[in-house]
Amino acid sequence: MTPVLKCGTQITALDPSVVAEGIATSLSSNIVSRAIEEYFNVMNETSQLNESEVKQIKDKAEEHSVFPKPPTGVLPFEKTVRSELTRLICKSYKRTKGDTQVVFAEPSIGKTTAFHCLTTNYFSRVYPNAENTKSLMITKYSGALDGPYLTHIAKTLGIKQEKDVIACLLAAMKTDAPALPSILVLDELNDPGKDDLNILLVSVLMRAIAVDQLGISLYVVTQKKEVAEKLLALNCWSKIGPLEGLTTPKRSEIKKAADIPEGASWISPVWTAEELSRVVSNNFPTATTSEDGSFPWIEVGMVPRKVLELAENNLEEGEEPDFSNWM
């Protein structure tokens with residue numbers, strides 16, 4: 001088994017000469033080609049840089065795209081409602097010039113919606129005058145992945161040769177100062193994969209981003225604690241760590257390897273009653289409230305999807321929700 005799960009242990013790189021010359025010349029050092037070869041050695045493959053596919057990915061990222069596009073009603077959170085998780089994500093981006101962060105939270109808390117907002121709206125709202133910004137999100141809306149996460153990326157982006165995805169993805173998302181770091185989101189990575197192949201994929205991307213200073217902010221989003229813990233063990237919370245504010249201790253409080261807890265204490269993001277009430281009001285404008293303007297059936301600890309289900313059950317006969325405010 002190639003992946004490393006014990007904190008601080010290094011993965012041995014192979015001879016980079018096997019990898020296509022185009023990868024090393026496209027990026028600023030050989031660390032990327034060594035890392036890519038390491039991943040594909042597991043499958044006895046080599047990776048090549050396909051310029052047309054690099055352009056294809058780059059064009060999508062410059063359009064701040066989410067793939068696949070969400071079906072209507074899949075992300076039922078009004079985009080003007082700022083949840084605690086959304087705030088933490090936005091703060092985390094401002095702290096880094098390129099980094100890898102792990103986001104673990106329970107299902108239905110709003111992870112996919114929060115990152116959908118980050119990918120599609122963040123630059124236009126926070127940095128409206130910035131040039132050459134790039135953001136790309138890979139997700140899945142239902143069911144388990146069929147095979148390695150890399151296969152899912154290839155299918156989602158329409159890349160013909162699966163073995164070329166890593167090289168092309170890194171080349172397309174790479175940014176140079178003073179441009180803002182690009183945003184790359186791998187959502188619903190809920191399975192370590194056979195022989196932890198999905199963990200190794202993140203390890204390759206993480207080390208390339210950090211060592212080669214590619215200017216990419218990578219977010220790996222999961223609802224499985226096992227996956228999150230394996231990802232955090234890759235590099236002692238250094239080149240990869242938990243999203244700031246989602247763990248005790250916080251990543252910024254870790255100064256040396258001895259400070260890292262054996263198992264991180266994850267903090268579940270909480271939607272306030274006020275935020276949940278706004279979600280309902282924005283999507284059900286005629287929903288009946290109590291005298292103080294609240295919805296008496298909203299309870300602390302609920303998630304938006306549950307609240308919207310209750311709101312729909314409380315509609316008057318013949319009334320329809322206003323789907324124009326849905327993502």
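None of the values given here were measured: they were computed from a predicted structure. (Residues numbered from 1 in each chain as written. Predicted model: local features only at pLDDT ≥ 70, side-chain atom pairs only at ≥ 80, totals over all residues. Heavy atoms only, no water.)

S.K.: How do you make sense of the overall build of the protein chain when you look at a structure like this?
M.R.: On a plain count of helices and strands, the protein chain comes out with eleven helices and eight strands. Within the protein chain, the proportion of its 327 residues that are buried is 51%. In the protein chain, the proportion of contacts linking residues at least 24 apart, taken out of those at least 6 apart, comes to 77%. With the model as given, the accessible surface of the protein chain reaches about 15100 Å², and the carbon-plus-sulfur share is 47%. (Helix = DSSP H or I, 4+ residues; strand = E, 2+ residues; numbered from the N terminus. Buried < 20%, exposed > 50% of the residue type's maximum accessible area, 1.4 Å probe, protein only. Contact = heavy atoms within 4.5 Å. Areas by Shrake-Rupley, 256 points an atom, 1.4 Å probe, with all protein chains shown as cover.)

S.K.: Please explain helix H8 (residues 197-211) as it appears in this structure.
M.R.: Given 3.6 residues per helical turn, the α-helix brings residues three or four places apart onto the same face. With 15 residues, H8 should reach 21 Å at 1.5 Å per residue; the first-to-last C-alpha distance of 21 Å fits that figure. Of all the 15 residues making up H8, 13 are buried; the element is thus mostly covered by neighbouring parts of the structure. Immediately beyond the C-terminal end of H8, within one or two residues, lies Gln213, with a positive phi of roughly 50 degrees. (Expected span 1.5 Å × (residues − 1).)

S.K.: Help me understand helix H11 (residues 304-313), please; the structure alone is not making it clear to me.
M.R.: Pro304, Val307, Leu308 and Ala311 are the residues of H11 that are buried. Relative to the axis of H11, the buried residues are bounded by an arc of 100 degrees and lie together on one face. On its buried face, H11 sits against helix H10 (273-283). (Arc of directions from axis to C-beta.)

S.K.: So what exactly am I meant to see when it comes to unusual backbone geometry here?
M.R.: Keep in mind that most residues, glycine aside, have a negative phi and that most peptide bonds are trans. The step from Phe67 to Pro68 runs through a cis peptide bond, and the omega angle for that step is -10 degrees. A cis amide bond links Ala177 with the next residue in sequence, Pro178, at an omega value of 10 degrees. Take Pro178: it is sitting in the loop between helix H7 (165-173) and strand E4 (182-186). A positive phi angle is found at Asn132, which is not glycine, with a value near 60 degrees. Structurally, Asn132 is set in the loop between helix H5 (111-126) and strand E3 (135-138). Accessibility expressed as a relative area gives 57% for Asn132, which makes it exposed.

S.K.: Can you help me understand the packing of H10 against H11 in this one?
M.R.: Think of two packed helices as two axes; the pair is described by the angle between the axes and how far apart they sit. At a minimum axis separation of 10 Å, H10 and H11 run at an interaxial angle of 45 degrees. Between H10 and H11, the interaxial angle falls into the category oblique. When you trace H10 past H11, the crossing you get is right-handed. In this structure, H10 uses Leu276, Val279, Val280 and Asn283 to contact H11, whose residues at the interface are Pro304, Val307, Leu308 and Ala311. (Axes fitted to C-alpha atoms, helices over the stretch in contact; angles between N-to-C directions. Parallel < 35°, antiparallel > 145°, perpendicular 65-115°, else oblique. Left-handed = near helix turned anticlockwise from the far one by under 90°.)

S.K.: Looking at this structure, I do not really get the environment of Ala177. What am I missing?
M.R.: Its location among the elements puts Ala177 in the loop between H7 and E4. Take Ala177: its relative accessible area is 76%, and that puts it in the exposed class. Distance in space between the C-alpha atoms of Ala177 and Lys97 is 8.9 Å, their sequence separation being 80 residues.

S.K.: Mind showing me how you'd approach the pairing of E4 here?
M.R.: Successive residues of a regular strand alternate their side chains across the two faces of the sheet. The element E4 is extensively covered by neighbouring structure, given that five of its five residues are classed as buried. The sheet contact formed by E3 and E4 spans four bridges and is parallel. Its bridge partner being in E4, Ser135 is matched across the sheet by Ile183. For E4 and strand E5 (residues 216-222), the ladder comprises five bridges, and the chain directions are parallel. The residue bridging Leu186 from the neighbouring strand is Val220, located in E5. Handedness of the crossover is the feature at issue here: the chain leaves E4, passes through H8, returns alongside E5, and the resulting connection is right-handed. (Pairing = 2+ DSSP bridges. Right-handed = clockwise from strand over helix to strand, strands pointing away.)

The values reported here are purely geometric and, on their own, carry no functional implication.
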